[in-house]
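# Structure at a glance
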Amino acid sequence: MSEIPAKATESEDPSDGARAETASALACDAGHTLADGEGGEGEVPAGDALWQSSPPGSIYDYIKVASFSIGPDGLVDQWSLRAEQIFGIRADRAVGMDPIDAFVDPDRRERGQRKMAEILDGREWTGVVPFRMPDPSDAGDGARGEQGLAEVYVMPTRTQEGEKAAVCIVVDVRTLRSIETDLAASQAIFGQSPFGFLLIDPELRVRRANERFASVFGGTPDDHRGKGVQDYLPRPEAERVSAVLRRVLETGDSITDMHVTGFVPGSEERRHWSVNLYRVHSGSGRPIGIAWLGTDITARRAAAREAAAARRNLALLNEAGARIGNSLDLETTARELLDVVVPGFCDLATVDLYQGLLAGDETPPGLADGSAELRRVAFSSAVSDGPLAGSGTDVAVGAVHHFPFNSPHADALRTARPGSIPGEEGGLVQSTLAIPMVAHDTVVGLAQFSRTKGSEPFGDRDRDLAVELAARAAVCIDNARLYRREHERALMLQRSLLPPGDPVASGLDIACRYLPGSVASGRPSEVGGDWFDVIELPGHRTALVVGDVMGRGLRAAVAMGELRTAVRTLALLDLEPAEVLSALDEIARGLGTPGGVQQATRAARRPREADLSEVYLATCVYAVYDSVTRRCTFANAGHLPPVLVEPGEPALMLDVPPGMPLGVGGEPFEEVEVELPEGALLALYTDGLVESRDHPLDEGLQAFVGALTDPTSPLEDVCDHVLNTLDTHHGEDDIALLMARVQGLPADSVGDWTLPREPRSVGRAREYARGQLLSWDMEPLVDTTELLVSELVTNALRYGEGEIRLRLLLDRTLVCEVWDSGLVQPRRRRARDTDEGGRGLQLVGLLSAAWGSRRTPRGKTVWFELPLPDGETGLADPAEALLSLF
């Protein structure tokens, strides 16, 4: 072995001896410490041949100690099993080896041989020796194996023959240093832990306590030695904990987060701890006690209770969010608030809203002093069905009242701050929270929440929760108020866009009905986009229009107004029905495009990627009725078919090809011309009349056709009969119904002549007009009519083509029409003072009530209209009109 002298007196390395002493001291200290934790001696397990002759829990369970002996020849003659474990050499190989050659580096072997000689000479020696494990393939070539460090104690002995030998005791220094490190770590963990740390022995007595535990329960750590759990906890709790400790000691199952309740010395406050328990074993695996690791969770428990209360409040708020505001009715919303708070939050509750708010005023009156009139709209109680007691006044639901100026209720309304009102002496109520209902900085009413005596009084958290609940309900109530206002405005807008009164048309008897969804159902709903119109056209013709904008609300009403205005404008251009719908389709697509119609036209040339929510879609049926011929031309844009009832025949739906709805684009519209017999009944309608959630469309159409059984009845009666027969009270959609009875223009009210294309036709036209007017007893119109007919026929001769046709129509007004085959439309211009012509159309405009031109399948028609001489409307003097042109 390397030359490290005994007792460090002859050591070449002064630190070796000190290291040996330190290792020995640590080993002894570890032995004492662990021995203290041992409960007593144990029996040696059968069949265990290694180190079980000593009691379990001794120092030898933790350090590696081996022995071997050296014979007189300096060779190993005995090799223990523990030596095999330390040095990794079996006994059959170790016996007979020279320990110096086997374990000492070559450069130290010579000195090691001298030291061995001294030992065999009877000298005792101890020291720390570096060594190397012999390599399994070591053949004496100096190969190096694993390095090690051992403390060796050599004791001289004699053999039976009296020869000198030696016994060597070897301790693995690396194990000693590991024990030293482990002891330091355990001391740091036990002593510096911020948690209460106990070591409990198998008798359930405290063997050791740390400073943290002692700081809580008083005294020093040594003062707690030998105490049991009954010395720290109340008896029931101590018995429960003791049972748990025994179970841990018996089964070895650890316990995590066991809650223990007790008191600390000098305090009456109940404390809570979270305890972790696990069984502690000796180095041999024998249970020697239980480790107790506890932390104070009193504050955590309080926080948990606070969190539980917060979760309950949050759950109440979530319930309020789900249940309040499902209706756009003020009273219903107030009742929904009370359904949430009673009985989960309070025992009694009321809601009062400003009377002006319920009446539709923009701002509730009396906000300055809080004493304006209120109406009690909701009351709920979990203990009584009577009015709320203890609030200073007993008010029934539906009653109008006000709070005195100096009352806490008025103060809450005036300041918009919650107030607490104590209950009356001898009353049922313990306390009441008066919470102003504030929405968008506006007080809309007052909510009162009361708890009866015996209930938990209201706290700050309860007040905050009540304010939040009242605020949510107030926002919903204000939204209902705004909706009611917007609904009334939209309804007003929609009604203003419909024809006022009963429309009047030439050759038709008209009756109409319009029912908004809210009126039909009796409950609030959004207005729709249904509309109808009756438009008088030149030549005693009439345009009948019924349409429906898809969607509801103000947006649909505005879109309906725009489309109705566009229809009237297009109708006055005297376009054909298919052309009107084509132009209307372009306009409808422009309504959903920021750039308008032109942008929509450009977008039509590109792949459509528009959001359907921004597209205005509408259905429409457009019909033009000619009272002279009793022929009606229909064009349909995705609308329901018209229904015709001829005298003596059952009602039938006209086969009008349904085109695409307005706003879709890309498809032409077809026209269908139908001759209507005298007295026939024509019905146009929207889908709200024939379709609902409970009645499919086919069923509604059949019911509608079946309701039109008597076309000879007055039209007003027919409309009422249809509405009373069908399901018109579903309120899901608006209902528009337009009915017209055919009354053609009599033949004697029409004058029709064909004139050749020659100059003398002008005079002949004046003669025809004079004669016809005289036969109608319209002599006051003769001069004006002759002059205007002369101008129109002259224009037809000069600028038109083909033969000329003159027609006079007498109904509510006199209409004169001049037809020719030319396609060029006349254009009115202002003639200069020096011009000899160009004043004909100006003269027509001055003398007539209206004039214009329209295209026909074979050319054009120029017309003018004169009012009948009824004594109220004066006719323009032709002479003065002529002079005004110059």
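Bear in mind that the values here come from a model prediction, so they are computed numbers and not experimental data. (Residues numbered from 1 in each chain as written. Predicted model: local features only at pLDDT ≥ 70, side-chain atom pairs only at ≥ 80, totals over all residues. Heavy atoms only, no water.)

## Things to note about the nonpolar core
The nonpolar side chains of a soluble globular protein tend to be buried, and buried together. Ranked by size, the top nonpolar core spans 48 residues in total, and within it Leu337, Val341, Phe345, Val351, Met437 and Phe449 carry the most contacts. Sorting elements by how many residues they give to this core places helix H13 (residues 460-497) first, with nine residues. Not counting the four nearest positions on each side in its chain, Val351 is found in contact with Ala334, Leu337, Leu338, Arg375, Arg376, Val377, Ala378, Met437, Leu446 and Ala447. (Core = buried A, V, L, I, M, F, W, Y, C linked by side-chain atoms within 4.5 Å. Buried < 20%, exposed > 50% of the residue type's maximum accessible area, 1.4 Å probe, protein only. Helix = DSSP H or I, 4+ residues; strand = E, 2+ residues; numbered from the N terminus. Contact = heavy atoms within 4.5 Å.)

## Side note on the environment of Ala410
The residue Ala410 is located in helix H12 (residues 408-415) in this model. In this structure the C-alpha to C-alpha distance between Ala410 and Leu446, which are 36 residues apart in sequence, comes to 9.2 Å.

## A short note on the sheet that holds strand S27 (residues 750-755)
Read across the open sheet, the five strands follow the order S27-S28-S29-S31-S30; overall the sheet is antiparallel. Edge positions in the open sheet fall to S27 and strand S30 (850-856), since each of these has one partner strand only. Taken over all neighbouring pairs, the strand axes of this sheet differ in orientation by 15° on average, direction set aside. As judged from the six bridges shared by strand S28 (residues 804-810) and strand S29 (residues 813-820), these two strands associate in the antiparallel manner. Its bridge partner being in S29, Leu808 is matched across the sheet by Cys816. Strands in contact with helix H20 (residues 761-775) are S27, S28 and S29; relative to S27, the strand with the most contacts, it is inclined by about 165°. (Pairing = 2+ DSSP bridges. Axes fitted to C-alpha atoms, helices over the stretch in contact; angles between N-to-C directions.)

## Details of the packing of helix H21 (residues 782-799) against helix H22 (residues 840-847)
Here H21 crosses H22 at 150°, and the two axes come no closer than 10 Å. The handedness of the crossing between H21 and H22 is left-handed. Counted together, Thr784, Leu787, Leu788, Glu791, Leu792 and Asn795 of H21 and Gly840, Leu841, Leu843, Val844 and Leu847 of H22 form the full contact between these two elements. Class assignment for the residues of the contact of H21 with H22 results in seven nonpolar, three polar and one charged. (Left-handed = near helix turned anticlockwise from the far one by under 90°. Nonpolar A, V, L, I, M, F, W, Y, C, P; charged D, E, K, R; others polar.)

## Let's talk about the sheet that holds strand S10 (residues 287-296)
Taken together, five strands build an open sheet; the order of strands is S7-S6-S10-S9-S8 and the sheet is antiparallel. The open sheet has two edge strands, strand S7 (206-209) and strand S8 (255-262), and neither has a second partner. Within this sheet the neighbouring strands show an average axis-to-axis angle of 30°, counted without direction. Pairing analysis gives five bridges linking strand S6 (residues 196-200) to S10, with the strands arranged antiparallel. Residue pairing in the sheet places Leu199 in a bridge with Ala291 of S10. Set on the sheet, helix H9 (residues 298-323) makes contact with S8, strand S9 (271-281) and S10; between it and S9 the angle comes to about 125°.

## Observations regarding the packing of aromatic side chains
Taken as a whole, this structure holds twelve aromatic pairs when the rule is applied. Centroid distance Phe213 to Tyr232: 5.2 Å. Interplanar angle 80°. Geometry classified as edge-to-face. Separated by 19 residues along the polypeptide, Phe213 in helix H7 (residues 211-217) and Tyr232 in the loop between H7 and helix H8 (235-251) bring together distant segments of the chain. Judged by its relative accessible area of 13%, Tyr232 is buried. Clustering of aromatic rings is evident, with ring pairs tying together Phe68, Trp79, Phe87 and Phe103. Positioned above the aromatic ring of Phe405, the side-chain terminus of Arg414 is 4.4 Å from the ring centre. Note that Arg854 overlies the ring of Trp819, its terminal NZ or CZ placed 5.7 Å from the centroid. (Phe/Tyr/Trp six-rings, centres within 6.5 Å; stacked < 30°, edge-to-face > 60°. Lys NZ or Arg CZ within 6 Å of the ring centre and 35° of its normal.)

## Topic: the packing of helix H15 (residues 554-572) against helix H16 (residues 577-591)
Viewed as axis vectors pointing N to C, H15 and H16 meet at an angle of 150°, and their least axial separation amounts to 10 Å. Between H15 and H16, the angle is such that the two are roughly antiparallel. Judged by the twist between their axes, the crossing of H15 over H16 is right-handed. Contacts between H15 and H16 involve Ala559, Glu562, Leu563, Ala566, Val567 and Leu570 on the former and, on the latter, Val580, Ala583, Leu584, Ile587, Ala588 and Leu591. Partitioned by chemical class, the residues of the contact of H15 with H16 number eleven nonpolar, no polar and one charged. (Parallel < 35°, antiparallel > 145°, perpendicular 65-115°, else oblique.)

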